[in-house]
Amino acid sequence: MAVPVEEAIAALSTFSLDDEQPEVQGPGVWVSTERGATDSPIEYSDVSAYRLSLSEDTKALNQLNILTQEGKEMASVLYTYRSCVKALPQLPDSMKQSQADLYLETYQVLDLEMSRLREIQRWQASASSKLAADMQRFSRPERRINGPTISHLWSMLKLLDVLVQLDHLKNAKASIPNDFSWYKRTFTQVSGQWQDTDSMREELDDLQIFLSTRWAILLNLHVEMFRVNNVEDILQVLIVFVVESLELDFALLFPERHILLRVLPVLVVLVTSSEKDSESLYKRVKINRLINIFKRHYLIINHIGAIRAEHDDFTIRFASAMNQLLLLKSTDGSDVDWSKEVKGNMYDMIVEGFQLLSRWTARIWEQCAWKFSRPCKDASPSFSDYEKVVRYNYTAEERRGLVELVSYIKSVGSMMQRCDTLVAEALWETIHAEVQDFVQNTLASMLRTTFRKKKDLSRILSDMRTLSADWMANTNKSESELQSSHHGGEESRANIFYPRAVAPTAAQVHCLQFLIYEVVSGGNLRRPGGLFGNSGSEIPVNDLKQLETFFYKLGFFLHILDYSVTVATLTDLGFLWFREFYLESSRVIQFPIECSLPWMLVDCVLESPNSGLLESVLIPLDIYNDSAQQALVLLKQRFLYDEIEAEVDHCFDIFVSKLCETIFTYYKSWAASELLDPSFLFASDNAEKYSVQPIRLNMLLKMTRVKLLGRMINLRSLITERMNKVFRENIEFLFDRFECQDLCAIVEVEKLLDILKHSHELLSRDLSVDSFSLMLNEMQENISLVSFSSRLASQIWSEMQSDFLPNFILCNTTQRFIRSSKAVPVQKPSIPSAKPSFYCGTQDLNSAHQSFARLHSGFFGMPHMFSIVRLLGSRSLPWLIRALLDHISNKITLLEPMITGLQESLPKSIGLLPFDGGVTGCVRLVKEHLNWETKSALKAEVLHGIKEIGSVLYWMGLLDIVLREIDTKNFMQTAPWLGLLPGADGQILTTQDSGDSPVVSLFKSTAAAMVSYPGCPSPTSFHIMSKQAEAADLLYKANLNTGSVLEYALAFTSAALDKYCSKWSAAPKTGFIDITISKDFYRIYSGLQIGYLEESAEVSSNSHERLGDSVAWGGCTIIYLLGQQLHFELFDFSYQILNIAEVEAASVIQTHKNSHFAMQGWEVLLEAMKKARRLNNHVFSMLKARCPLEEKTACAIKQSGAPLHRIKFENTVSAFETLPQKGS
């Protein structure tokens, strides 16, 4: 069944084609060559139908308009002319025989260009002759009426302006005479074989004179004009018209105003060729009036405040008028008077908008001209002329002011263009009402009163009514009835007519302006007082004012009717790109984009501290659209468009890069500011500098259709692509930076990654960028499912091998590792530098976060361990743990031959130290027993190996603490959902004896309720959800019973020691403990310990600074795992010396001697031994708690007295179940 057309259209009207893209660009530009409404397709040919004796004037008017259009094309040719000689090839010496062919080819190329110049020469002669003849026609004394019309005056001025521009362009183009000289030279070479070249030579001579003579066109015009007398009359009329039009703002569009400004000095020069003519002119137009016209402030920054106020006021009132118009359209049967008022108000707003746009765009033109005429004086002599007038001639404030004004022009133009179809009917009806009210009411009143007895003027007024009155819209009287009522009295009421969207044609406007001018001036060209001056006029002031008002309104009508073309003209800023004159004077092919004014404005917005300007960053790019439109449509030169396109391609890439850098810096600063410690901000004297001013970037991030040179560019997609790249580059930089630092920098890396992640979260609200975890894994080379290592884990392990374990020492009291002051420096690459955006965004925020990073840069402790756990996660952390455990195993393997060497150096028998020898004697006796002077290097290597083992084990202890804290936190979060409760002695209790956990019960009940609902859309999905809840329950419960990393490391170390148990812990041959001949590990470590304690007791020694407390952890752990703790505590040399010292001190006290004197010289050593014993006891107590080998100490000896050398105790299952079995 077919749908009626009306219903289909009504249905389509309900769809909205609008999207969320904001309007932050200027009006769209179409490449079009269609004629506008102001250029009537029949010109003024229909004027003869009105029988006003204007046929001769109209014919001349059409001719002038044709010449003007041709002249604009000639000006385009001259403006875009570039030297052809520069592109001509030069023949090498080996090809001199082909010189004649080169001359011929060169002549053919240059002849095409010279033919265009000859055409310009002929055209200017024809145009000057026609313009001079036209002026002379109006200068005859007998001519008093029927011209010149206002349109004719405008046509004369426009043609004169074209001639002036052509003369300036001809003078400015130095390449034209240069090309002509080459052309003439080649003509001489190739014309030798031609016949009848005399005429061609004459043409060349004339063209040479034309091109080489400055101001040749104006001089020719002057000669043509003053062939007859009295031409000064029409020149004075033109000057008066120009002055009054400029003073009264008669020109609605700025191009018309600029035409008047350009031709006024030329007219004054032409008319003041004699002193008599000068006096005559200055009587009509005072010299001060001429001076005041050009006396203006041309810099935009002097007017930007007023412009800003005008813009804000106009946009508010325009939006209000549009709302009223939309309300009127949506109201059926609205009141006629209210409708007329709303539409009239809309018309007034459009006229005001055009006036504002014209005034603002004119200010940009005039400022550019001002800058071009006043180059920068402080610029370097090496700079080009164009750089002096553009690049270095605008201050930062002037650039911002120019950007702001361009934004106002484009935004108002876009706003007016969008409502084109909405206001069209209102504009046409208002213009129709204005014309009909004037001709049917105002003129009728004048005919009855002012012009009642003036037949000539009454006839003119009647002609005006005849050619423009719309009697079809009249609801009261016809024309015949109105004529018969002229004698009916003064009380005739005004005519009422229906509003009709019927506007006057260009010919009607032209005739009405002519007739009003004839009524006011009476055809007297020398009438004093100007066009509408009251001097010598018999027309009352009120009537004259009404005629003047309507006369000026007529000048606006055609521009209002040609709405779209007028908006495009007033918002066209393409002239800001063109620089042909300076290309020629600088002798370069093209300037870099840093000299291009559109790019300078874009760069100014991106670099400006004023964040409010960033929304206007796309507006200056519209200048490229305007310039491309001019290159194709107005100048009709493809090479200019290609140059514009090349520059746009280049600068848009830079623009996207800089814009993304600005966006990234903003979000990075925002994230860094939010992650600052509140206590730091509270204590800071100037916390405001760490805050970030908000920038409305969401509008730019929504731009999916940026209009540029006829293309639609998805800016959002480009920004997304660039942001993904920048985030990856930032992560890469942070990893590179960490690889150039030690392990202590892990806290800073985590902080910077947290800031980067938070900035990613903030940006993700407005932009769909890649997942941060995906980018992080990609940069860590950890994408594969079977890859358990990562770049960060590999770097941590590498750093621990090369720097941390050899050069860091443990402080057991503070639970921190610090760099040894005697450590060997490690060669590392220099830390890479980057922009502040790769750190925290701004310099202030960088310094703030650096102050936090410095707090953790001098040590390694719990904060660093938390950072490692969070960064590596459960995927890479096991790999690192396994690498460290393998390192322990390798170290034990490397220590075995070294310890064997030390065992061999021990004496066969070492007894207990005698108490009667005192401390001094015992120390001397130990030195005699430990004859290791030749093994100093071996001793140092063994101590360093034991230190590294102890450092790894202590590192594992820190890791175990951190993991237990994290596991506890996870348990507290998951336990309520799993139905678990913590019980006594660390036991975990369940809240339900049997059945499902709370999370499973919740999803099962929800699924059952939804499935039982009749309207359930997908019951299967709810069953799947309940199954997934059961799987999650099993998964989380399986992860609750996690083992201890430290216990696993101790068990792994114990297994690694098994293969050396026979060498380091040999069973006594007698079955009883050997006191004198034992060479077990505890004896070796005892000798090593007292050795480095003696060294540390020396003033100049640095033994402890090189080893720290890790030696005790490594040595005591090996002793404990070998089952030698009791042996060590009984037979350790330092322990025996401490016992002897205590006995000696007690005996001294009993004999009432000075104990301090008795121990003199050994205080430092004894204190070091006591400290070592306390540390060893602490390590043994920790090992017993975490890895108990036996419940009771007495069980280590049988009842018979024979010892059980190595007691196995079943440890936690999780610690031993994956270890290799002994002997397997």
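Residues numbered from 1 in each chain as written. Predicted model: local features only at pLDDT ≥ 70, side-chain atom pairs only at ≥ 80, totals over all residues. Heavy atoms only, no water.

### Describing the overall build of the protein
- A count of helical and extended segments in the protein gives 47 helices and six strands.
- For the protein, buried positions account for 50% of its 1224 residues.
- Considering only contacts within the protein whose residues lie at least 6 apart along the sequence, 79% involve residues at least 24 apart.
- As displayed, the protein offers around 59,600 Å² of accessible surface, 55% of which is attributable to carbon and sulfur atoms. (Helix = DSSP H or I, 4+ residues; strand = E, 2+ residues; numbered from the N terminus. Buried < 20%, exposed > 50% of the residue type's maximum accessible area, 1.4 Å probe, protein only. Contact = heavy atoms within 4.5 Å. Areas by Shrake-Rupley, 256 points an atom, 1.4 Å probe, with all protein chains shown as cover.)

### Things to note about the packing of aromatic side chains
- On inspection of all chains with the given rule, the structure shows 48 aromatic pairs.
- Note on Phe180 and Tyr183: the rings are 6.4 Å apart at their centroids and 45 degrees apart in plane angle, and the pair reads as tilted. Linking Phe180 with Tyr183, this pair stays in helix H5 (residues 175–190), spanning three residues, or about one helical turn.
- Look at Tyr183 and you get buried, because its relative accessible area is 2%.
- Ring centres 6.2 Å apart and planes at 40 degrees place the aromatic pair Phe254 and Trp365 in the tilted group. Taken as a pair, Phe254 in helix H9 (residues 254–271) and Trp365 in helix H13 (residues 336–373) lie far apart in primary sequence, 111 residues in all.
- Using a relative accessible area of 33% as the deciding quantity, one classes Trp365 as partly exposed.
- Taken together through their ring pairs, the aromatic side chains of Phe804, Phe808, Phe817, Phe860, Tyr954, Trp955 and Trp1113 make up a single cluster.
- Taking NZ or CZ as reference, Arg185 lies 4.9 Å from the ring centre of Trp182, over its face.
- A cation over an aromatic ring shows up here: Lys371 above the ring of Tyr394, its NZ or CZ 5.2 Å from the ring centre. (Phe/Tyr/Trp six-rings, centres within 6.5 Å; stacked < 30°, edge-to-face > 60°. Lys NZ or Arg CZ within 6 Å of the ring centre and 35° of its normal.)

### Some details on the pattern of salt bridges
- In this structure the tally under the stated criterion is 47 salt bridges.
- Between Lys343 and Glu429 there is a salt bridge whose closest N-O contact spans 2.5 Å. Of this pair, Lys343 sits in helix H13 while Glu429 sits in helix H16 (residues 420–448), placing them 86 residues apart in sequence.
- If you follow the salt bridges from partner to partner, you end up with Asp742, Glu799, Asp803, Arg819 and Lys828 in one network. (Salt bridge = Lys/Arg side-chain N within 4 Å of Asp/Glu carboxyl O.)

### Topic: the packing of H9 against H13
- Interaxial distance between H9 and H13 falls to 9 Å at its minimum, and their mutual angle equals 45 degrees. Overall, the two elements H9 and H13 adopt an arrangement that is oblique. Between H9 and H13, the contacting residues are Phe254, Arg257, His258 and Leu261 on the first element and Ser358, Thr361, Ala362, Trp365 and Glu366 on the second.
- For the contact of H9 with H13, the class distribution of residues is four nonpolar, three polar and two charged. (Axes fitted to C-alpha atoms, helices over the stretch in contact; angles between N-to-C directions. Parallel < 35°, antiparallel > 145°, perpendicular 65-115°, else oblique. Nonpolar A, V, L, I, M, F, W, Y, C, P; charged D, E, K, R; others polar.)

### Regarding the pairing of strand S3 (residues 808–811)
- As defined by bridge partners, S3 adjoins strand S4 (residues 816–819) across four bridges and the pair is classed as antiparallel. By the bridge assignment, Phe808 is partnered in S4 with Arg819.
- The antiparallel pairing of S3 with S4 creates a hairpin that spans four residues between the two strands, and Gln815 there sits at a positive phi of about 55 degrees. (Pairing = 2+ DSSP bridges.)

### Some remarks on the nonpolar core
- The biggest cluster of nonpolar side chains holds 346 residues, and the ones touching the most others in it are Ile364, Phe655 and Trp955.
- Here Trp955 is in contact with Met800, Phe804, Phe817, Phe860, Met865, Ile868, Leu880 and Leu884, once residues within four sequence places are set aside. (Core = buried A, V, L, I, M, F, W, Y, C linked by side-chain atoms within 4.5 Å.)

### Digging into helix H6 (residues 198–212)
- Between the first and last C-alpha of H6 there are 21 Å, a value that for 15 residues agrees with the 21 Å anticipated at 1.5 Å per step.
- Within the sequence span of H6, burial applies to Leu204, Leu207, Phe210 and Leu211. Buried residues of H6, seen end-on, are gathered within an arc of 125 degrees and therefore sit on one face of the element. Opposite the buried face of H6, by more than 90 degrees, sit the exposed residues Asp198, Glu202, Ile209 and Ser212. (Expected span 1.5 Å × (residues − 1). Arc of directions from axis to C-beta.)

### Looking at the packing of helix H28 (residues 715–739) against helix H31 (residues 791–807)
- Interaxial distance between H28 and H31 falls to 10 Å at its minimum, and their mutual angle equals 10 degrees. Comparing their axes, H31 and H28 come out roughly parallel. Together, Glu732, Phe735, Asp736, Phe738 and Glu739 of H28 and Arg791, Leu792, Gln795 and Ile796 of H31 make up the contact between the two elements.
- Looking at the contact of H28 with H31, its residues break down into four nonpolar, one polar and four charged.

### Here we look at the side chain of His864
- Position of His864 among the secondary structure elements: in helix H33 (residues 862–905).
- From its side chain, His864 meets the backbone oxygen of Phe859 in a polar contact 2.9 Å long.
- Ignoring any residue separated from it by four or fewer positions in sequence, one finds His864 in contact with Leu743, Cys744, Ile746, Val747, His856 and Phe859. (Polar contact = N/O pair within 3.5 Å; in protein donor to acceptor, adjacent residues only side chain to side chain.)

### Digging into the confidence of the model for the protein
- For the protein, mean pLDDT is 83; residues scoring 70 or higher make up 87% of the total.
- When pLDDT is averaged over each helix and strand of the protein, the minimum, 37, is found for helix H47 (residues 1213–1216) and the maximum, 95, for helix H29 (residues 746–764).
- Contacts for the low-pLDDT stretch residues 1191–1224, under 50 throughout, to residues beyond four places or in other chains number 55 contacts. (pLDDT = per-residue confidence, 0-100.)

### Let's talk about unusual backbone geometry
- In this structure, Asp249 is a non-glycine residue whose phi angle is positive, near 55 degrees.
- Within the element layout of this structure, Asp249 appears in the loop between helix H8 (231–247) and H9.
- Asp249 gets classed as partly exposed once you look at its relative accessible area, which sits at 48%.
- Non-glycine residue Gln815 carries a positive phi angle of around 55 degrees.
- Turning to its location among the elements, Gln815 is positioned in the loop between S3 and S4.
- The exposure class assigned to Gln815 is partly exposed, which follows from its relative accessible area of 36%.

### A closer look at a negative patch on the surface
- A surface patch of like charges, here negative, comprises Asp196, Asp198, Glu202, Glu203 and Asp206.
- Its location among the elements puts Glu203 in helix H6. (Patch = residues over 30% accessible without salt bridge, like charges linked within 9 Å, V, L, I, M, F, W, Y side chains within 5 Å. Lys, Arg positive; Asp, Glu negative; His and termini not counted. Charge placed at Lys NZ, Arg CZ, Asp CG, Glu CD.)

### Notes on a nonpolar patch on the surface
- Together, Trp977, Leu1002, Phe1003 and Met1025 line one region of the surface with nonpolar side chains, adding up to about 370 Å² of accessible area.
- Residue position: Met1025 is located in helix H37 (residues 1019–1038).

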